[in-house]
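Here are the chains, one letter per residue:
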Amino acid sequence: MHPATAKWYDRRDCVFIEFCVADSKDLKIDFDKTKCGFSCLAGTDDVRHENEMDLFEAIDENESKHKRTDRSVLLYLKKAQPGKPWPRLTKEKAKLTWLSVDFNNWKDWEDDSDEEMGNFDQFSDMMNTMGGEEDIPDLDGGAEDDESADSDDEKMPDLE
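Residues numbered from 1 in each chain as written. Predicted model: local features only at pLDDT ≥ 70, side-chain atom pairs only at ≥ 80, totals over all residues. Heavy atoms only, no water.

Engineer: Report on the overall build of the chain, specifying residues and quantitative values.
Structural biologist: The secondary structure content of the chain amounts to 1 helix and 8 strands. Reading the helices (α) and strands (β) of the chain from amino to carboxyl end gives β-β-β-β-β-β-β-β-α. Counting over 160 residues, the chain shows a buried share of 24%. With the model as given, the accessible surface of the chain reaches about 11800 Å², and the carbon-plus-sulfur share is 47%. (Helix = DSSP H or I, 4+ residues; strand = E, 2+ residues; numbered from the N terminus. Buried < 20%, exposed > 50% of the residue type's maximum accessible area, 1.4 Å probe, protein only. Areas by Shrake-Rupley, 256 points an atom, 1.4 Å probe, with all protein chains shown as cover.)

Engineer: Explain the pairing of strand β7 (residues 73-78) to me, and be specific about the residues and the numbers.
Structural biologist: Only one face of β7 is covered, namely the face carrying Val73, Leu75 and Leu77; the face carrying Leu74, Tyr76 and Lys78 is uncovered. Where strand β2 (residues 14-19) meets β7, 6 bridges bridge the pair, whose relative direction is antiparallel. Bridge pairing in β7 places Val15 opposite Leu77. Two elements, strand β6 (residues 65-68) and β7, share 4 bridges in a ladder whose sense is antiparallel. Opposite Lys65, over in β7, you have Tyr76 as the bridge partner. (Pairing = 2+ DSSP bridges.)

Engineer: Just give me the short version of unusual backbone geometry, but keep the residues and values in it.
Structural biologist: Look at Asp26: it is not a glycine, yet its phi comes out positive at around 50°. Checked against the element boundaries, Asp26 lands in strand β3 (residues 25-31). The backbone of Asp46 sits at a positive phi, close to 50°, despite the residue not being glycine. Considering the arrangement of structural elements, one finds Asp46 in the loop between β4 (35-42) and β5 (47-54).

Engineer: Tell me about the sheet that holds β5, residues and numbers included.
Structural biologist: Two orientations exist for strands paired in a sheet by backbone hydrogen bonds: parallel and antiparallel. Strand order in the open sheet formed by 3 strands is β3-β4-β5, with antiparallel pairing between adjacent strands. Looking at strand neighbours, the two that pair on one side only are β3 and β5, the edges of this open sheet. Across this sheet, the average inter-strand angle for adjacent strands is 5°, counted without regard to direction. Relative to β5, β4 runs antiparallel, the two sharing 8 bridges. Bridge pairing in β5 places Cys40 opposite His49. (Axes fitted to C-alpha atoms, helices over the stretch in contact; angles between N-to-C directions.)

Engineer: Tell me about the packing of aromatic side chains, residues and numbers included.
Structural biologist: Within the structure shown, the criterion is met by 6 aromatic pairs. Taking the centre distance of 4.0 Å and the plane angle of 0° together, the rings of Phe19 and Phe38 count as stacked. Separated by 19 residues along the polypeptide, Phe19 in strand β2 and Phe38 in strand β4 bring together distant segments of the chain. Judged on exposure class, the residue Phe19 and its partner Phe38 are both buried. Their ring planes at 55° and their centres at 6.2 Å tell us that Phe56 and Trp86 sit as a pair that is tilted. Here Trp86 lies in the loop between β7 and β8 (99-101) and Phe56 lies in the loop between β5 and β6, a separation of 30 residues in the sequence. A relative accessible area of 17% places Phe56 in the buried class. Residue class for Trp86 comes out buried when judged on its relative accessible area of 2%. Of the aromatic side chains, those joined through ring pairs into one cluster are Tyr9, Phe16 and Tyr76. (Phe/Tyr/Trp six-rings, centres within 6.5 Å; stacked < 30°, edge-to-face > 60°.)

Engineer: Can you break down the layout of surface pockets residue by residue, with the values?
Structural biologist: By volume, the largest pocket is sized at about 160 Å³. If you trace the largest pocket, you find 13 residues lining it, with Trp8, Arg88, Leu89, Ala94 and Leu99 closest to the centre. Ranked by residues supplied to the lining of the largest pocket, first place goes to β8 with 3 residues. Here the residues of the lining of the largest pocket are counted per class, giving 7 nonpolar, 2 polar and 4 charged. (1 Å grid on protein atoms, 1.4 Å probe; cavity = no way out; pocket = protein on both sides within 12 Å on 5 of 7 lines; lining within 4 Å. Points joined across faces, edges and corners; volume = space filled by probe spheres on them. Nonpolar A, V, L, I, M, F, W, Y, C, P; charged D, E, K, R; others polar.)

This is the structure we're talking about:
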């Protein structure tokens, strides 16, 4: 029996943990206010995986859920104090070998504010109201019907 590999990421109202276990069965998940437990049999060899962790902050165990797929088990942990970022998943600072941050889904949401999003929308509106292609100067050196020629536009001699 050994722990399952897992990835986690933080959101404003919840924390997600994905246990990477293929073909899991006999799934058992325990949500407690400050703890989370996970166990299952996985793979063709029915390997027993078991993970237990003391969480960084309290969760709402009644609102926390899980979803099983053929490749993994995703846990949705509803934060007891929404809006408070979790710098790590566990209470202790020790690095767990089976746990890593899911950088593909990570978002620094605590830096996002409604004011900043409003500024982005104003910038986007400004860009959309700027002139179209007709306002862009011709960078090709002139129009095609222009008879002026550059020194490098001379006819090349034929090859012999």
